[in-house]
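Observations on the model geometry
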Amino acid sequence: MKKRLFICFFFSILFTISFGQNDKFDSIRNSMRQQFNQFANSKNREYADFRDKVNAAYAERMKVSWKTFQLRAAEPIPVRPEPPKPVVKSDNEVAPTKLVPIGKVVKPVETESPQPFQPIARPDKEESPQYSFQFHHTPCNVHLQKTQRFILADASESSAAEAWKKMSANGFDVVADDCFRYKEQLSLNDWGYIELTKTLACDFMGKGTNEAVLMQVYLLVQSGYKVRIARRDGQLVPLIPFSDFLYNYSCLLLDGEWYYLMDDEKEGGSYSVFTEKFKGEKTPSLSIQAEPQFAENSSSPRTFASRRYPNASATVSTNKNLIEFYNSYPVTGQWDEYAKASLSRKVKRNLYPNLKQQISGKTELEAANILLNFVQTAFDYQTDQEQFGYERPLFGDELFYYPYSDCEDRSILFSILVHDLLHLDVVMLLYPGHLATAVRFTENVSGYYFMVNGGKYVICDPTYIGAPVGDCMPQFVSTPAEIVIIYK
């Protein structure tokens, strides 16, 4: 809205210029610039006044006694009874062309990214950022000074409200704008932005302090995120909803949404909660639409090769800072999110050139078999319980970093490769204790298949070692799989 007003004003002035009076152009231009700046300053004051009024009203409502809720204990990550060793195809029989049953079809969750609450008014000659911190070993700088630190007398409603007023009047809006600029500069998704604001707040106010919690909540609220404040035993904690379900976080159902307690408390319990809504707030998601741009910290290179097609190989190195970010990620049941995150540009540069060369000139079936065997045999198998001690799906890059992977990890990677290199639609098949994939070929391909939305999808199992396209593990041939749609 602000940008549109600027453009309209600019052109209304521009059209008053007489292009036949070139000798007066400088004076007209200077006059126009002066009028434009006056207009911009007036709009900035309007936005600032509106922001101040909304924050002042929000702080006043914060003084009222918060409501008491019983939070639900965290739901643990389901344990998937995976085999200790991958299933290996023991014969050379060709899979029959057979229609298999399917269960429900799960479509991607629709999300809308939050936007900042009102534009930040910045002077023409703003001071350079004074405060530096590291986010996943990536340098960041924001407009903060030591004088902006505050101390809460306690965790009461009145103390929280006074701190909110201080932040609103003391330049924290500009800090929120700085953070949102880093969101764009570093290509952070919503979870990355929540982590960024927490890292800054803990670094500036002190890790684990109520001051850090209030600062983070303030930055998130000004950035358009839906967030609430919870309190228990004198400790403040953010409550944040997500468009995805999160495991291992205690939660509260509020206005039809699950809000997750952003700390390590998994047993639930009684909490006082400030439930007030803020203007324009939106629910964050865990979807990763672009690779986060962290500083480079390369891992040791590792070589991966297909057994059946040994020329399909690559030596790959990952960015350990990106791996660290993925390691902080909550586990969700939205399998499509892991595939849509794709691979980093670094891994693609190492991996894709030779794979593209190996599948060049091949039919879709031949190319898919090369990629399938690569994923089946280039990685060592181990269950999540053995490798991590708990269930944990891996993002694509993580398969090239950790020593082992299991069925869901390989299905995620194969989905990415088919989408990027073959440009074919691919879905995931969720069986009891197993995850596989299926591909919609444009050629006539035989094997076990099913139909979805008028399209024929042929099963491809990245953990059925040695099995070609169209084959299915015998124990799942008659089991209806849940179909997880990845790409719209």
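No experiment lies behind these values; they were computed from the predicted model shown.

Here we take up the packing of helix α5 (residues 190-205) against helix α6 (residues 210-222). Where α5 meets α6, the axes come as close as 8 Å, and the angle between the chain directions of the two elements is 140°. Considering the angle they form, α5 stands oblique to α6. Of the two possible hands of crossing, α5 and α6 adopt the one that is right-handed. Only E211, A212, M215, Q216, L219 and L220 of α6 make contact with α5, whose side of the interface consists of Y193, I194, T197, K198, L200, A201, C202, F204 and M205.

Going through the model one piece at a time under the given rule, you end up with 20 salt bridges. Close ionic contact of E281 with R228 constitutes a salt bridge, the shortest N to O distance being 2.7 Å. Here the residue E281 occupies a position in the loop between β10 (269-274) and β11 (302-305), and R228 occupies one in strand β6 (residues 228-232), the gap between them amounting to 53 residues. For the residue pair E281 and R228, the accessibility class agrees, reading buried in each case.

Here helix α4 (residues 172-185) crosses α5 at 135°, and the two axes come no closer than 10 Å. Here α4 is positioned oblique relative to α5, judged by the angle of their axes. Classified by chirality, the crossing of α5 by α4 is right-handed. Where α4 abuts α5, its residues F172, V175, A176, C179, F180, Y182 and K183 lie against D190, Y193, L196, L200 and M205. Of the residues assigned to the contact of α4 with α5, the class counts are 10 nonpolar, no polar and 2 charged.

This part is about the side chain of S285. By the element assignment, S285 lies in the loop between β10 and β11. A distance of 3.3 Å separates a polar atom in the side chain of S285 from the backbone nitrogen of S287. In this structure, S285 is in contact with T111, N189, D190, W191, F242, S243 and D244, ignoring residues within four places of it in sequence.

A separate point is the sheet that holds strand β1 (residues 67-71). Strand order across the open sheet formed by 6 strands is β1-β10-β6-β7-β9-β8, with antiparallel pairing between neighbours. Looking at strand neighbours, the two that pair on one side only are β1 and β8 (251-254), the edges of this open sheet. Neighbour-to-neighbour, the strand axes of the sheet open up by a mean angle of 40°, direction not taken into account. Strand direction decides the pairing type here: β6 and strand β7 (residues 235-241), joined by 5 bridges, are antiparallel. Bridging from a neighbouring strand, R232 pairs with Q235 of β7. Seen against the sheet, α6 touches β6 and β7 and runs at an angle of roughly 25° to β7.

Nonpolar side chains in soluble globular proteins tend to be buried together. Membership of the largest hydrophobic core comes to 121 residues, with the highest contact counts inside it found for L200, M215, L351, F400 and L417. If sequence neighbours within four positions are ignored, L351 has contacts with A314, V316, L343, F374, F400 and L417. In this structure, Y464, A467, F476 and I483 belong to the second largest nonpolar core, which totals 21 residues.

So, about the sheet that holds strand β19 (residues 481-485). Neighbouring strands of a sheet are bound in pairs by backbone hydrogen bonds; such pairs are parallel or else antiparallel. As summarised here, the arrangement of the 7 strands in space is β2-β17-β18-β16-β15-β19-β3, forming an open sheet in which the pairing is mixed. The open sheet has two edge strands, β2 (98-99) and β3 (102-106), and neither has a second partner. Relative to strand β16 (residues 434-440), strand β15 (residues 425-431) is paired through 7 bridges, and the arrangement is antiparallel. Within β16, the position partnered with D425 by the bridge is R440. Of the strands in this sheet, β15, β16 and β18 (455-460) are in contact with helix α12 (residues 407-422), which crosses β16 at around 15°.

Even without being glycine, S342 reaches a positive phi, approximately 60°. Counting through the fold element by element, S342 comes out in the loop between α8 (335-340) and α9 (345-359). The phi dihedral of N453 is positive, around 50°, even though this residue is not glycine. Mapped onto the secondary structure, N453 falls in the loop between β17 (448-452) and β18.

Attention now moves to the packing of aromatic side chains. The way to describe two aromatic rings as a pair is by their centre distance and the angle between their planes. Within this structure, the stated rule accounts for 34 aromatic pairs. A centroid spacing of 6.4 Å and a plane angle of 50° characterise the contact between F242 and Y260, whose relative ring orientation is tilted. One end of the pair, F242, is in the loop between β7 and β8; the other, Y260, is in strand β9 (residues 257-261), and 18 residues separate them in sequence. With centroids separated by 5.4 Å and ring planes inclined at 75°, the aromatic side chains of F379 and F400 adopt a geometry described as edge-to-face. Of the two residues, F379 sits in the loop between α10 (364-377) and β13 (380-381) while F400 sits in the loop between α11 (384-387) and β14 (404-405), which places them 21 residues apart along the sequence. There is no split in this pair, since F379 and F400 are both buried. Cation over ring: R72 sits above W258, and NZ or CZ is 4.5 Å from the ring centre. Positioned above the aromatic ring of F204, the side-chain terminus of R149 is 4.4 Å from the ring centre.

A word on the environment of F441. Position of F441 among the secondary structure elements: in the loop between β16 and β17. F441 gets classed as buried once you look at its relative accessible area, which sits at 10%. C-alpha separation for the pair F441 and A368, spaced 73 residues apart in sequence, amounts to 9.6 Å. Ignoring anything within four residues of it in the chain, the contact list for F441 reads E364, L365, A368, L424, K456, V458, C460 and V469.

Rules used throughout
- Residues numbered from 1 in each chain as written.
- Predicted model: local features only at pLDDT ≥ 70, side-chain atom pairs only at ≥ 80, totals over all residues.
- Heavy atoms only, no water.
- Axes fitted to C-alpha atoms, helices over the stretch in contact; angles between N-to-C directions.
- Helix = DSSP H or I, 4+ residues; strand = E, 2+ residues; numbered from the N terminus.
- Parallel < 35°, antiparallel > 145°, perpendicular 65-115°, else oblique.
- Left-handed = near helix turned anticlockwise from the far one by under 90°.
- Contact = heavy atoms within 4.5 Å.
- Salt bridge = Lys/Arg side-chain N within 4 Å of Asp/Glu carboxyl O.
- Buried < 20%, exposed > 50% of the residue type's maximum accessible area, 1.4 Å probe, protein only.
- Nonpolar A, V, L, I, M, F, W, Y, C, P; charged D, E, K, R; others polar.
- Polar contact = N/O pair within 3.5 Å; in protein donor to acceptor, adjacent residues only side chain to side chain.
- Pairing = 2+ DSSP bridges.
- Core = buried A, V, L, I, M, F, W, Y, C linked by side-chain atoms within 4.5 Å.
- Phe/Tyr/Trp six-rings, centres within 6.5 Å; stacked < 30°, edge-to-face > 60°.
- Lys NZ or Arg CZ within 6 Å of the ring centre and 35° of its normal.

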